[in-house]
Amino acid sequence: MNELERHSPIEREMTDERHYFVSLLQNAMSFGLISEQELERIQGESAELLIRQITRYTNGSSSSVRAETAQELSDSILYSIGVALKSVGIADATDMLKSMPLSHLFVKGQNGIAKKVSVCRLSHASLVRRLFPSENEFYASTVRDGIGGFFKLYRPEFFAHRTIITADYPTVCGEGNVCGIEFIERYLHNLYYENAFLRCFDPNTAHSFLLLHNPGYEKAPANLCEPILCAALLCSLCDADPSALILRRENFDTLYALLDGKDRDELHFYFSHAARKLFDRLSCDEVLTQYMTRAVEMLLAGFENAVRFHTLEKFGYNKSI
Amino acid sequence: MELGLTLFQSPALIKKAVNGILRGNDVSRLYGLELSEQQAKALVENRNKVLRDTGRIETDSSVLEKLIYLFCDSPYVSKSNYEDTLNALLELFYIFKNETNEKISDDELLEFMKTSFDGDCFGSLELLSGRDFSALRQKLFGLCDTNTDASSSDKEENGEGDA
């Protein structure tokens, strides 16, 4: 919650990101913020909206559709209203539910979705132009064709909630429980920063390292950023050159000497310090540093276990040098 | 909390549908046909059942009302079979609506049913549902009398084809 946001007894964590409108409404009802009468109005207006959408969908030529289609049209309406409600704080969103006709919220949501689509198209084009060259089959194909295909097939006016993409390539931070354009927005956001991080490394160096880490990486739907980040972080921790991505036996000896017997807080301190040093050395800007710091936080448990069980070598032991 | 589809079964909408059917009596009376409120309610209940059985959602009761206006002047509809014929026609309408993957509008399908029923079917629902619907199916899809491809039907319905 930012400083200007009004207080609400409903916390963001109480809501369901995927079904935001319905979860907000349920919470508002349970806190007595919305009356039975207001709920009845909202229910009536949601049925009217669905009738309107079915009529639009059939171009007015049919008064009935299959139940699955009606369900999808209904989900799309609820999703669109959810997008409108998410654009403001929870207290304001509750007020909007009480005071604005659902049809207005729907239009507001559809406009919000249209804006998101435009912004995502631009950031997709920018990402494709600056795509890190990789031999991995899934990276370029997902970013170029997968996301490109989404824009071709996405029909927000009727099916705004649909995530028409097989996102084979996973990101380090994940996209959370969202769908439709919100999924693509987060996916592109994550890909953008992970790609920017990858571009801090020489593609040939990265390729050699990734082959060492996983000989089948070219054909695996595996994240490229995570193994590179882990290795670079360990390099930073033992004062090796992170851009070379080479960890020798003596580097691991140094790392075990440094980290053995340290408790969780101490380990977190060491890794956080090494991450800051790494991002400085790679000249990562503030927003990239923020994203990558979040990525490091997600990897800390794995490092903790690797130190405890002496398996840090799995992050990239180069025996040949 | 109910939002969306479940609200289509609300008592208010059912009452509206019954009133719509009863308004149709103004025209059908000219042909000696009339539905009581009880019969109108039964027709709406049957429509809801047929919609459930065929997996469809309807936004209003316009099809039922149009059936009444169209068929009340049929030489093959009389007081004794009026309600049963409407129920049967309604069922055929929704079944065929599913089979045609929305390739035909409500009005076009109703017009086809009326022309066939009064024409070469001589009021036979069997001929309408068998021979004449097969002919229409063939005209729409260019297929022999077989079921249409289910997968293309799903694709169409899921909005990947033109609405």
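Note that this is a predicted model, so its numbers are computed, not measured. Residue positions are counted from 1 within each chain, in the order its sequence is given. In the order they appear in the text, chains get letters beginning with A and ligands get numbers beginning with 1. Where totals are concerned, whole chains, interfaces and linings use all residues; where local detail is concerned, this predicted model gives features only for residues with pLDDT of at least 70, and gives and counts side-chain atom pairs only at 80 or more. The side-chain quantities take in all heavy atoms of the structure and omit both hydrogens and water.

Draft legend 1. Examining the overall build of chain B more closely. Broken down by element type, chain B carries 7 helices and 1 strand. Reading chain B from its N end, one meets helices and strands in the order α-α-β-α-α-α-α-α. Looking at chain B as a whole, 45% of its 163 residues are labelled buried. Total accessible area on chain B is roughly 8100 Å²; 51% of this is exposed by carbon and sulfur atoms. By the criteria applied, helices consist of DSSP H or I runs no shorter than four residues and strands consist of E runs no shorter than two, each listed in order from the N terminus. Each residue gets one of three labels from its accessible area relative to the maximum for its type: buried under 20%, exposed over 50%, partly exposed in between, using a 1.4 Å probe on protein chains only. Areas reported here follow the Shrake-Rupley algorithm with a probe of radius 1.4 Å; residue values treat only the protein chains shown as occluding.

Draft legend 2. Summary view of the overall build of chain A. A count of helices and strands for chain A gives 13 helices and 1 strand. Looking at chain A residue by residue over its 321 residues, the buried ones come to 50%. We call two residues in contact when some of their heavy atoms are within 4.5 Å. Counting contacts in chain A only where the partners sit at least 6 residues apart, residues at least 24 apart contribute 68% of the total. Seen as two clouds, the 33 positive and the 42 negative side-chain charges of chain A have centres 5 Å apart. Under this rule, positive means Lys or Arg and negative means Asp or Glu; His and the chain ends count for nothing. Here the site of a charge means atom NZ of a Lys, CZ of an Arg, CG of an Asp or CD of a Glu.

Draft legend 3. Highlighting the packing of aromatic side chains. Stacked, tilted and edge-to-face are the three classes assigned to paired rings of Phe, Tyr and Trp, where Trp is represented by its six-membered ring and a pair needs centres within 6.5 Å; plane angles under 30 degrees give stacked, over 60 edge-to-face, the rest tilted. Counted according to the given criterion, the structure contains 19 aromatic pairs over all chains. Relative to phenylalanine 151 of chain A, the ring of phenylalanine 150 of chain A has its centre 5.7 Å away and its plane inclined at 80 degrees; by these criteria the two rings are edge-to-face. Grouping residues by exposure puts phenylalanine 150 of chain A and phenylalanine 151 of chain A together as buried. Relative to phenylalanine 117 of chain B, the ring of phenylalanine 71 of chain B lies with its centre 5.5 Å away and its plane at 70 degrees, an arrangement referred to as edge-to-face. In this pair, phenylalanine 71 of chain B sits in helix H3 (residues 62-71) while phenylalanine 117 of chain B sits in helix H5 (residues 106-118), placing the two residues 46 residues apart along the sequence. On the accessibility criterion, phenylalanine 71 of chain B (1% relative accessible area) is buried. An aromatic cluster is present here, built from Tyr57, Phe158 and Phe159 of chain A joined pairwise through their rings. The rule for a charge over a ring is simple: NZ of Lys or CZ of Arg within 6 Å of the ring centre, and within 35 degrees of the ring normal. Arginine 162 of chain A extends its terminal NZ or CZ atom over the ring of phenylalanine 159 of chain A, reaching a point 4.1 Å from the ring centre.

Draft legend 4. Representation of the packing of helix H10 (residues 225-237) of chain A against helix H12 (residues 264-281) of chain A within the structure. Residue and element names in this part refer to chain A. Two elements in contact, H10 and H12, have axes whose closest approach is 8 Å; the angle formed by their N-to-C orientations is 100 degrees. Classed by the angle they form, the pair H10 and H12 counts as roughly perpendicular. Residues Leu229, Ala232, Leu233, Leu234, Ser236 and Leu237 of H10 pack against Tyr270, Phe271, Ala274, Ala275, Lys277, Leu278 and Phe279 of H12. Residues are grouped as follows: nonpolar covers Ala, Val, Leu, Ile, Met, Phe, Trp, Tyr, Cys and Pro; charged covers Asp, Glu, Lys and Arg; every other residue, Gly included, is treated as polar. Residues of the contact of H10 with H12, tallied by class, amount to 11 nonpolar, 1 polar and 1 charged. What counts as an axis is a line fitted to C-alpha atoms, over the stretch in contact for a helix, and the angles between N-to-C directions run from 0 to 180 degrees. Angle categories are assigned with fixed cut-offs, so that under 35 degrees is roughly parallel, over 145 is roughly antiparallel, 65 to 115 is roughly perpendicular, and the rest are oblique.

Draft legend 5. Region of interest: helix H2 (residues 37-54) of chain B. Residue and element names in this part refer to chain B. Given the number of residues in a helix, its expected span is that number minus one, multiplied by 1.5 Å. The end-to-end C-alpha separation of H2 is 25 Å, in line with the 26 Å expected for 18 residues at 1.5 Å each. Among the residues of H2, those classed as buried are Ala40, Leu43, Val44, Asn46, Arg47, Asn48, Val50, Leu51 and Thr54. For H2, the elements touching its buried residues are helix H1 (11-28), strand E1 (56-58), H3 and helix H4 (82-99). Following H2 by one or two positions, glycine 55 adopts a phi angle in the positive range, close to 65 degrees.

Draft legend 6. Spatial organisation of unusual backbone geometry. The backbone phi angle of asparagine 59 of chain A is positive, close to 55 degrees, even though this residue is not glycine. For asparagine 59 of chain A, a relative accessible area of 62% corresponds to the exposed category.

Draft legend 7. Main features of the pattern of salt bridges. Basic side-chain nitrogens of Lys or Arg form a salt bridge, by our definition, when they fall within 4 Å of a carboxyl oxygen of Asp or Glu. This model, assessed by the stated rule, comprises 25 salt bridges over all chains. As a salt-bridge pair, arginine 41 of chain A and glutamate 45 of chain A come within 3.1 Å of each other at their nearest N and O atoms. Of the two residues, arginine 41 of chain A and glutamate 45 of chain A are both situated in helix H2 (residues 36-57); the distance of 4 residues between them amounts to about one turn of the helix. A salt bridge links lysine 97 of chain B to aspartate 106 of chain B, with the nearest nitrogen and oxygen atoms 2.8 Å apart. Taken together, the salt bridges that share partners define one network made up of Arg249, Asp253 and Glu313 of chain A.

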